[in-house]
Structure formats: C-alpha cells, structure tokens
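# Coordinate analysis (summary)
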Protein chains: 2
Amino acid sequence: MKDTEKGVCAPIGFKAAGVHCGIRKNKSKLDLALIVSDRDAAAAGVYTRNKVKGAPIAVTKEHIADGKARAIVCNSGNANTCNADGEEKAREMCRLVELNTGIPQEDVIVASTGVIGQILPIEPIAEGMPALAGALSEDGSADAAAAIMTTDTVKKEFACEFELGGKTCRMGAIAKGSGMIHPNMATLLCFVTTDAAVSSQVLARALKEVVDDTLNMVSIDGDSSTNDMALVLANGAAGNKTVDSADGEDYAAFRNALLYIMTKLSKAIAKDGEGATRLIECAVSGAADVASAKAIAKSVVCSSLLKAAMFASDANWGRILCAIGYADAVCDIEKVGVVLRSRAGSVEVCKDGNGVEFSEEEAKKVLLEDEVTIDVTCGDGTAQAVAWGCDLTYDYVKINADYRT
Amino acid sequence: MKDTEKGVCAPIGFKAAGVHCGIRKNKSKLDLALIVSDRDAAAAGVYTRNKVKGAPIAVTKEHIADGKARAIVCNSGNANTCNADGEEKAREMCRLVELNTGIPQEDVIVASTGVIGQILPIEPIAEGMPALAGALSEDGSADAAAAIMTTDTVKKEFACEFELGGKTCRMGAIAKGSGMIHPNMATLLCFVTTDAAVSSQVLARALKEVVDDTLNMVSIDGDSSTNDMALVLANGAAGNKTVDSADGEDYAAFRNALLYIMTKLSKAIAKDGEGATRLIECAVSGAADVASAKAIAKSVVCSSLLKAAMFASDANWGRILCAIGYADAVCDIEKVGVVLRSRAGSVEVCKDGNGVEFSEEEAKKVLLEDEVTIDVTCGDGTAQAVAWGCDLTYDYVKINADYRT
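These numbers come from a predicted model, not from an experiment. (Residues numbered from 1 in each chain as written. Chains lettered and ligands numbered in written order. Predicted model: local features only at pLDDT ≥ 70, side-chain atom pairs only at ≥ 80, totals over all residues. Heavy atoms only, no water.)

What follows concerns the overall build of chain A. Helices and strands together make up the secondary structure of chain A, namely 11 helices and 15 strands. Computed over its C-alpha atoms, the radius of gyration of chain A comes to 21 Å, within 12% of the 22 Å expected for a compact globule of 405 residues. Its C-alpha atoms give chain A principal-axis dimensions of about 65 × 55 × 35 Å. In chain A, of all internal contacts separated by at least 6 residues, the share reaching a separation of at least 24 is 81%. Of the roughly 13800 Å² that chain A leaves accessible, carbon and sulfur atoms contribute 47%. (Helix = DSSP H or I, 4+ residues; strand = E, 2+ residues; numbered from the N terminus. Rg over C-alpha atoms; globule rule 2.2 N^0.38 Å. Contact = heavy atoms within 4.5 Å. Areas by Shrake-Rupley, 256 points an atom, 1.4 Å probe, with all protein chains shown as cover.)

Structure (structure tokens):
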C-alpha cells in the first residue's frame with residue numbers, strides 16, 4: 001500500500017470540484033461538491049439506519065439500484081430532510097448535473113448535509129451548477145472535500161495505490177464528519193473512488209464488511225444522523241481483470257485497500273470530532289467474541305464521563321471499567337486489564353478488574369498526547385476490535401448550542 | 001396525597017443524621033449518612049445492572065436477603081468499587097454501625113458513592129461513626145441528604161402523607177444524582193422510608209414497578225454507574241393492616257404514594273444533572289406500545305445534540321426527529337408531531353414528520369424556562385411514556401474534567 005495524493009481524483013478517470021453557490025451565507029465557505037467519472041462505474045452504498053432518512057438517500061438508492069453511477073453531487077448547509085418537497089429537490093439536483101455535464105440524472109448520486117427541517121433552496125444550486133461543472137478537474141478533490149464540510153475543522157482526504165491482479169490500481173476518498181456521529185450506522189458522508197474493476201455485487205459486499213470495522217466503530221456524540229451515507233464508485237480504468245467474486249486474492253487485495261483508506265478516514269473523523277482536542281482509540285483484545293469486543297470498545301469511546309476525563313488528561317480509569325461494565329457484552333470483569341498508551345509511553349492502570357498503583361504524573365504525560373489508545377485486555381477468548389472517538393470539550397457544547405444561529 | 005416535611009424522618013420511627021468524617025477533604029462537606037428505624041422494617045432494593053458492581057451492593061444484597069433491615073449507612077467521596085478489599089471495607093462499615101447503634105450488622109444496608117478504584121479509607125468512618133450515631137434525630141434528614149451528595153447542587157428530599165386501609169401513613173425519601181446517570185438501571189442512590197406496613201415481597205414488587213417508570217426514565221449523560229441503588233424501608237409503625245398482596249386498593253394506594261415520591265425525586269435529579277440549567281421532559285403519546293413510547297422518550301432526552309440545543313434555548317426540532325428516528329421503537333415517522341411547551345406557552349414545530357412554520361421568537365420564549373416539555377405525538381397507538389433529562393452545558397464538561405482533581 002502506498003499513500004498518494006489528489007484524493008478522489010487519484011484514480012484514473014475521475015474529476016472533482018467544489019464551489020460556493022450560496023446555500024451557506026459565508027461566501028468563503030464552499031457548499032457544493034461534484035465528483036464525476038469519465039465512464040460508467042460500479043457503485044455501492046451504505047446508509048443511515050435512522051428511521052428519519054434524508055430525501056437524498058431515497059433518490060440515491062433508486063439511482064444506484066442498477067449497480068452503476070457516474071457522478072456524486074453534494075451540498076452542505078442544509079440536510080434536505082423532514083421537508084415535504086425533499087425528494088423533488090434531490091431529483092432536481094441530479095437533473096441539474098445532467099444539464100451541465102451530460103451525465104444522465106439516473107446515474108447521479110445525491111447527498112445533502114446540514115440543518116434538518118429547513119426547505120432546501122434550489123436556486124443557488126441551479127445558479128452554481130454551471131460554474132461547478134466548469135471547475136471539474138483532476139486537482140479538484142480538495143475543493144470537493146472542503147465543500148462537504150460542516151463543522152469539520154480539517155479536510156478528510158486520502159488516496160493510495162495498490163496491486164490487484166498484476167495491475168496497479170488507485171483508490172481515493174473524501175469524507176465529512178464532526179457531529180451527529182455514532183457507531184453502528186453507515187456514518188456521515190464518505191465518498192470513495194477507485195479505478196479498480198470490481199463488480200457492483202462484490203463492491204457492495206466489500207463496502208459492507210469494511211464499514212462495519214471502520215466507520216461503524218466511530219463515535220463522536222452518540223447521535224446517528226439522518227443523512228449518513230458511504231459510497232464507492234469503481235470505474236475499472238486501471239484495466240485489471242474485474243473482481244467478481246468475494247473469494248480469492250483479488251478480493252482480499254481490494255478489500256484490504258478499502259480497509260486501509262477507510263481506517264484512515266475513520267481516525268481522521270474521530271480526531272476532528274466536534275470540539276475535540278484528541279483522538280481516543282480503544283483497542284480490545286481477548287474478548288469472548290467479536291460482538292463483545294466491539295460492544296466494549298464502543299462503550300468506552302462513547303462514555304461522556306470518560307470523554308470529559310480525557311479532555312482533562314485525567315487517568316480516571318474507573319470510568320473505563322464502568323463503561324465496560326454496562327456494555328452489552330460477555331465479559332468477566334475480574335479478568336479485565338487496562339493500559340493507557342500514546343507516543344509518550346504506556347501506563348498500566350487496572351489488572352484483574354482492580355486498580356494497580358501507577359504514577360499519576362506518568363499517566364498525565366501519556367494522556368496529554370493528541371492520540372491516545374486505551375488497551376483493554378479481557379480474559380474471555382481471542383476476539384479483538386478497535387473503536388475511535390474523541391474527548392468531550394467545552395467546544396462541543398459551544399458548537400452545538402450555536403449551530404443554527 | 002399531601003406534601004410534608006422532614007424527608008426520610010417523616011415516617012414514624014425513623015431518625016437520620018449526616019456528618020463530615022473526613023473522606024472528603026472539604027471540611028464543610030458532609031460525607032457520611034445514617035438512617036435508622038426504631039424497629040425492624042421490610043426492605044427491598046433495586047441495583048445497577050452494570051457488570052462492574054460496587055462492593056457495597058454485594059454486602060447490601062446479602063443483608064436484605066431475609067427481606068428486612070433497620071439501618072442505611074452511606075458515604076460519599078469514594079465509591080469503594082474496583083478495590084480488592086472492597087467487600088471487607090463495606091462489611092466493616094456495617095460493623096461500625098452495630099458498634100455505635102446496637103443494630104445488628106446484618107440488618108444494615110451499606111452504600112458508597114464517589115470516585116471508582118481508589119481504596120476506601122476506613123479510619124475516618126470509624127472515627128466519625130460515634131458522632132454520626134449520636135447525631136441521629138427526627139430532624140436529621142436534611143443532613144443525611146447533604147452527606148450523600150456528590151456533584152449535586154441541591155438536596156433531593158421529599159415526604160408525603162397518604163391514606164392506606166383507613167390509616168394515615170407517611171413516606172419520605174432522599175436521593176443523590178447528578179452524573180453517571182442513565183435510564184434502564186436502578187439509577188443513583190435513592191433511599192425511601194415509610195411507616196406503612198408492607199410485606200417485603202410486595203415492597204419489592206412495588207419498587208420494581210415504580211422504578212421502571214421513574215428513576216429508569218432519567219438520563220443525565222448516558223453513563224450507568226457501578227453503585228446505583230434504590231432502597232425502601234417500610235417499618236409498619238403507622239399500624240395499617242400489612243399490605244401483603246399486589247392486588248387491591250391497599251396495594252394501589254401504596255404504589256401510588258411510591259410513584260408520587262419517586263417521580264418528584266426523578267424530576268429533581270434530572271433538573272440538577274451535572275451542569276444543567278434546565279429540566280427537559282419528553283412526554284410521548286400515541287405510541288404503538290409502552291416499550292416504543294419509553295424508547296422514544298429516552299432517546300430524545302439522551303441526545304447530546306438536542307441537549308446542547310436546549311442549553312441555547314434553540315428550537316432545533318430536527319434533532320428531536322433525528323433522536324426519534326434512531327430510537328429502537330416502532331414508529332411511523334410520517335405521523336409524528338412535536339410541540340415544545342413550558343410555563344411560557346407552547347409552540348408546534350413539527351406535524352406529520354415535517355416542519356411547520358413557527359415563530360422562532362415564541363419558541364425561544366418557551367425554551368428559556370427552567371422546565372421544558374417536549375410533547376411527541378405518534379400515530380401508532382395509545383401507549384404513553386415520560387422521560388426526564390437536562391441540557392448539556394459547559395459546566396457538565398467542566399465538572400467531569402475536574403472531578404478527580
């Protein structure tokens with residue numbers, strides 16, 4: 001695996017752009033993104049499990065029902081959700097893409113993110129679309145990544161090269177995260193492009209598998225958004241023999257690349273959680289089964305109390321035990337061990353379910369780093385899982401108390 | 001039902017006290033409480049479902065296994081949890097009560113609240129116990145209520161009179177809440193006394209039923225503590241015919257009194273959630289079944305995003321719909337209506353799952369009150385439920401980032 005640049009435009013045949021069209025008041029904030037493939041691409045998506053679903057999700061599902069797509073259009077600033085005219089507006093966004101790029105509207109994936117329950121103004125999108133289409137370029141990934149951001153403070157954009165059936169393939173991705181993010185959902189917005197040739201069925205299978213270990217293991221605040229989606233477009237421009245089975249080396253190579261990119265995205269999303277000052281990773285090992293390992297890891301990164309303690313770099317490990325204890329998991333608490341770890345070192349704080357003596361000063365040093373790992377070892381089996389979250393800070397409250405105003 | 005005074009000492013035959021013994025550094029903060037009955041009382045308890053359980057819970061369960069008890073001893077400042085010598089210390093607390101009051105240690109209920117995973121120093125408790133026993137009085141409820149507080153800012157203490165089988169009975173209660181509080185658990189510490197005569201089996205049944213509709217419908221932060229317990233002592237001093245069946249008028253009268261007191265406690269606990277500036281009540285009606293009604297009500301009061309919006313008195317109702325949508329409930333979103341309500345009036349914000357036009361100014365006025373109700377009407381049936389929570393504020397973060405230091 002080799003890290004590369006240009007995000008979603010790293011794979012052959014993809015262009016992207018981002019512009020300010022006026023959905024957001026702040027003129028310096030891009031608010032409309034477009035990603036296109038110069039040829040048909042296999043497409044697969046996973047979506048929020050929230051019963052309240054953004055209108056764009058219904059339209060997107062319809063448009064990729066045939067397993068292919070060529071474009072992704074996405075606005076920020078308005079979620080187009082809980083609006084009576086939501087689907088109509090989402091369809092209109094796709095029609096505007098066709099009008100300006102020639103890509104048939106039924107091959108357009110549409111997404112929206114922002115405030116729920118406010119009518120989406122279509123005028124700025126109609127007016128901005130010609131400029132957006134005109135700006136499409138192989139250097140446009142960063143603008144597209146910027147245009148889908150809401151309260152994100154950094155762009156989430158990654159790309160890599162990998163070998164598949166003797167050919168070099170490329171994969172790129174952009175995502176937005178920050179708030180209303182919780183595990184066990186197809187979380188947030190995440191768009192992945194690749195020039196590998198993969199059948200849509202196999203693409204869907206790989207996406208589902210990888211999302212369960214990556215995006216679904218991220219929590220910022222326990223809230224699952226109405227508009228979350230993760231989408232992959234695979235246009236086959238790399239010329240590899242199409243991966244059309246979920247067995248064998250080729251599938252493993254593709255899945256591995258997807259896992260690589262989406263793990264990077266997941267950590268970046270967690271680290272840039274609303275108001276966050278640090279990434280909290282919880283790595284569980286020795287669990288009775290994978291479901292228990294995941295439940296424990298998620299429970300730890302979701303605990304408001306632990307998150308507040310992490311903000312203060314306070315080794316209040318009792319809160320970790322508490323979160324393990326209320327996880328819906330098989331776990332013998334008497335066998336649990338906890339180690340706090342970061343670039344600055346590691347400190348054992350709990351063994352066999354009870355506290356061990358440790359240097360508070362040493363622990364503080366570990367927890368002051370901007371990426372902290374909590375290693376939880378269970379004595380129940382061999383299953384493992386990793387979850388990612390962030391600390392809970394004054395700024396999370398500030399951002400969410402101020403969001404609409 | 002008639003509100004009265006004196007908290008847990010309102011019922012005949014109960015005395016209480018609270019002292020500062022030195023577990024807490026702040027000498028003005030009481031940290032050791034005692035409640036005693038002058039005769040045997042039927043006893044029933046419900047406890048945390050966290051797999052990590054405070055040592056006092058194990059000892060308390062053992063002591064009330066015979067359905068009776070006479071005293072409750074409780075310290076704040078240390079949870080006596082995740083300590084190898086936890087049970088030994090909890091037993092020693094009971095023995096110290098026997099030594100100073102003559103009440104057999106196996107009739108003593110023991111509880112602790114505070115930091116997890118620090119060894120409980122028994123010396124201050126041993127030294128403070130004579131003064132505590134000496135201070136027992138019919139006016140001691142307020143001190144006992146103060147001594148069990150942690151980050152609580154107000155005492156939770158209530159009492160009432162009710163009629164039962166032609167006799168006037170009394171019931172009193174104290175509780176502590178504030179943080180690490182979440183529905184679906186025997187939440188926090190809650191001690192109820194009554195002079196009604198009730199068999200321990202019926203007492204346990206009534207407590208379980210009432211807790212499910214009261215304490216288990218409170219959430220401050222989604223964290224379920226390791227030490228939560230709710231206990232009732234019924235000493236029969238009122239002279240009513242013992243309620244020994246969960247059918248009939250007498251049971252209904254008793255259960256009703258318990259519901260009355262514990263609803264008051266639950267609202268008081270939610271309103272005084274860590275850092276809270278207001279009580280958020282979510283009242284669901286028209287739900288498909290009670291489980292769905294409860295799940296929806298809890299989901300709304302648990303949403304970090306909604307809680308932050310409430311802090312800003314911002315009518316961001318999309319977050320309410322979002323929380324309803326991810327609740328584990330049967331619910332047709334297209335039929336959901338939402339009204340925001342308080343002393344200042346009421347504003348409809350959502351009908352049939354979509355937004356309705358409303359005055360932001362009017363909504364602001366409603367949400368600026370210190371007790372706000374969110375009425376959610378479903379179109380799925382006739383079931384109802386109410387849950388209580390609070391807003392998410394800078395102070396929640398501050399309190400929990402600073403807690404150990």
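All names here are of chain A. Here Gly275 is to be found in the loop between helix H6 (248-271) and strand E10 (279-287). Given a relative accessible area of 15%, Gly275 falls into the buried group. Distance in space between the C-alpha atoms of Gly275 and Gly379 is 35 Å, their sequence separation being 104 residues. Not counting residues up to four positions away in its chain, the partners in contact with Gly275 are Thr393, Asp395, Tyr396 and Ile399. (Buried < 20%, exposed > 50% of the residue type's maximum accessible area, 1.4 Å probe, protein only.)

Relative to the helices and strands, Thr393(B) resides in the loop between strand E15 (383-390) and helix H11 (394-402). Given the relative accessible area of 1%, Thr393(B) is considered buried. Looking at Thr393(B), its side chain comes within polar contact range of the main-chain oxygen of Gly275(B), at 2.6 Å. Contacts of Thr393(B), omitting those with residues within four sequence positions, involve Val397(A), Gly275(B), Ala276(B), Thr277(B) and Phe311(B). (Polar contact = N/O pair within 3.5 Å; in protein donor to acceptor, adjacent residues only side chain to side chain.)

So, on to the pattern of salt bridges. Pairing of side chains with opposite charge becomes possible as their charged atoms draw close. Under the defined criterion, the tally for this structure stands at 51 salt bridges over all chains. One network of salt bridges, with partners in common, ties together Lys271(A), Arg343(A), Glu369(A), Asp370(A) and Glu371(A). (Salt bridge = Lys/Arg side-chain N within 4 Å of Asp/Glu carboxyl O.)

After a rotation of 180 degrees and a shift along the axis of 0.0 Å, chain A superposes on chain B with an RMSD of 0.0 Å. Seen this way, the second copy is the image of the first under a two-fold rotation axis. The position closest to the rotation axis in chain A is occupied by the C-alpha of Tyr394(A), lying 2.5 Å away. The residues that chain A uses at the interface reappear at the interface of chain B in 100% of cases, marking a shared surface. (Least-squares fit on C-alpha atoms with pLDDT ≥ 70 in both.)

This paragraph deals with the packing of aromatic side chains. For any two aromatic rings, the description comes down to two numbers: the centre-to-centre distance and the angle of the planes. Counting across every chain of the model gives 5 aromatic pairs over all chains. With centroids separated by 6.3 Å and ring planes inclined at 55 degrees, the aromatic side chains of Phe162(B) and Phe254(B) adopt a geometry described as tilted. With Phe162(B) in strand E6 (residues 156-164) and Phe254(B) in helix H6 (residues 248-271), the pair connects residues that are 92 residues apart, well separated along the chain. Phe162(B) gets classed as buried once you look at its relative accessible area, which sits at 4%. Residue Phe254(B) is classed as buried on the basis of its relative accessible area, which comes to 0%. Here a set of aromatic residues connected by ring pairs shows up, and it is made of Phe311(A), Tyr394(A), Phe311(B) and Tyr394(B). (Phe/Tyr/Trp six-rings, centres within 6.5 Å; stacked < 30°, edge-to-face > 60°.)

Here we come to helix H10 (residues 360-367) of chain B. Residues and elements named next belong to chain B. Within H10, the full set of buried residues consists of Ala363, Val366 and Leu367. For H10, the buried positions fall inside an angular range of 90 degrees around the axis, keeping them on one side. On the buried face of H10, the contacting elements are helix H8 (304-311), strand E11 (337-342), strand E12 (345-351) and strand E14 (371-377). (Arc of directions from axis to C-beta.)

As a further point, take the nonpolar core. Phe254(B), Ile320(B) and Val376(B) are the most contacted members of the largest nonpolar core, which has 84 residues in total. Considering each element in turn, this core owes the most residues, 9 residues, to H6(B). Not counting the four nearest positions on each side in its chain, Val376(B) is found in contact with Cys282(B), Ala283(B), Val284(B), Ser285(B), Ile296(B), Ile320(B), Ile324(B), Val336(B) and Gly337(B). Among the nonpolar cores identified, the runner-up in size contains 83 residues, and Met262(A), Ala270(A), Val338(A) and Leu367(A) belong to it. (Core = buried A, V, L, I, M, F, W, Y, C linked by side-chain atoms within 4.5 Å.)

All right, on to the packing of helix H1 (residues 55-63) of chain B against helix H2 (residues 86-101) of chain B then. Residue and element names in this part refer to chain B. Look at H1 against H2: their axes get within 8 Å of each other, and the N-to-C directions meet at 55 degrees. It follows from the interaxial angle that H1 and H2 lie oblique. In the crossing of H1 with H2, the sense of the turn from one axis to the other is right-handed. Here Ala55, Pro56, Ala58, Val59, Glu62 and His63 of H1 come into contact with H2, specifically with Gly86, Glu87, Ala90, Arg91 and Cys94. In terms of residue class, the contact of H1 with H2 is made up of 6 nonpolar, 2 polar and 3 charged. (Axes fitted to C-alpha atoms, helices over the stretch in contact; angles between N-to-C directions. Parallel < 35°, antiparallel > 145°, perpendicular 65-115°, else oblique. Left-handed = near helix turned anticlockwise from the far one by under 90°. Nonpolar A, V, L, I, M, F, W, Y, C, P; charged D, E, K, R; others polar.)

Below, the discussion takes up the interface of chain A and chain B. A common way to state how big an interface is: give the accessible area lost once the parts meet. Across the boundary between the two partners, chain A contributes 52 residues, which contact 52 residues of chain B. Roughly 4300 Å² of surface becomes buried between chain A and chain B when both sides are summed, with 57% attributable to carbon and sulfur atoms. Linking chain A with chain B are 0 salt bridges, by the criterion used here. Our count for the chain A to chain B interface comes out at 14 residue pairs in polar contact (both at pLDDT 80 or more). Those elements that provide at least two residues to the side of chain A that touches chain B are helix H8 (304-311), helix H9 (318-326), strand E13 (354-355) and helix H11 (394-402) of chain A. Among the residues making up the side of chain A that touches chain B, the classes are represented as 25 nonpolar, 17 polar and 10 charged. (Buried area = accessible area lost by both parts, 1.4 Å probe.)

With that settled, consider the pairing of strand E8 (residues 189-194) of chain A. All names here are of chain A. Most of E8 sits out of view: 6 of its 6 residues are buried. Side chains Leu189, Phe191 and Thr193 of E8 all project onto a buried face; the interleaved residues Cys190, Val192 and Thr194 project onto the opposite face, where all are buried too. Of the pairings in the sheet, the one linking strand E7 (residues 167-176) to E8 comprises 6 bridges and is antiparallel in character. Across the sheet, Met171 pairs through a bridge with Thr194, a residue of E8. Summarising the sheet, E8 and strand E9 (residues 229-234) pair through 6 bridges and their orientation is parallel. Directly across from Cys190, in E9, lies its bridge partner Ala230. (Pairing = 2+ DSSP bridges.)

Residue and element names in this part refer to chain A. With mixed pairing, the 6 strands of this open sheet are ordered in space as E13-E12-E11-E14-E10-E15. A single partner strand is all that each edge strand has here, and the edge strands are E13 and strand E15 (383-390). Strand contacts of helix H10 (residues 360-367): strand E11 (337-342), strand E12 (345-351) and strand E14 (371-377), with the helix running at about 120 degrees to E12, the strand carrying the most contacts.

The next subject is the packing of helix H5 (residues 200-213) of chain B against H6(B). All names here are of chain B. The contact between H5 and H6 brings their axes to 10 Å, and the two run at 40 degrees. The angle between H5 and H6 falls in the class oblique. Remark: the crossing between H5 and H6 carries right-handed chirality. Contact residues: H5 offers Val202, Leu203, Arg205, Ala206, Leu207, Glu209, Val210, Val211 and Asp213, while H6 offers Tyr251, Phe254, Arg255, Leu258, Leu259 and Met262. Residue classes in the contact of H5 with H6 are distributed as 11 nonpolar, no polar and 4 charged.

Quick look at the environment of Ala126(A) now. On the secondary structure map, Ala126(A) appears in helix H3 (residues 123-134). Sequence spacing of Ala126(A) and Met93(A) is 33 residues, and the spatial spacing of their C-alpha atoms is 7.8 Å.

The next subject is the environment of Gln201(B). All names here are of chain B. Tracing the sequence through the fold places Gln201 in helix H5. Classification of Gln201 by relative accessible area gives exposed; the value is 61%. Taking the C-alpha atoms as reference points, Gln201 and Ala246, 45 residues apart in sequence, are found 8.9 Å from one another. A distance of 3.5 Å separates a polar atom in the side chain of Gln201 from a polar atom in the side chain of Ser200.

On their own, these measurements won't tell you what the molecule is for.
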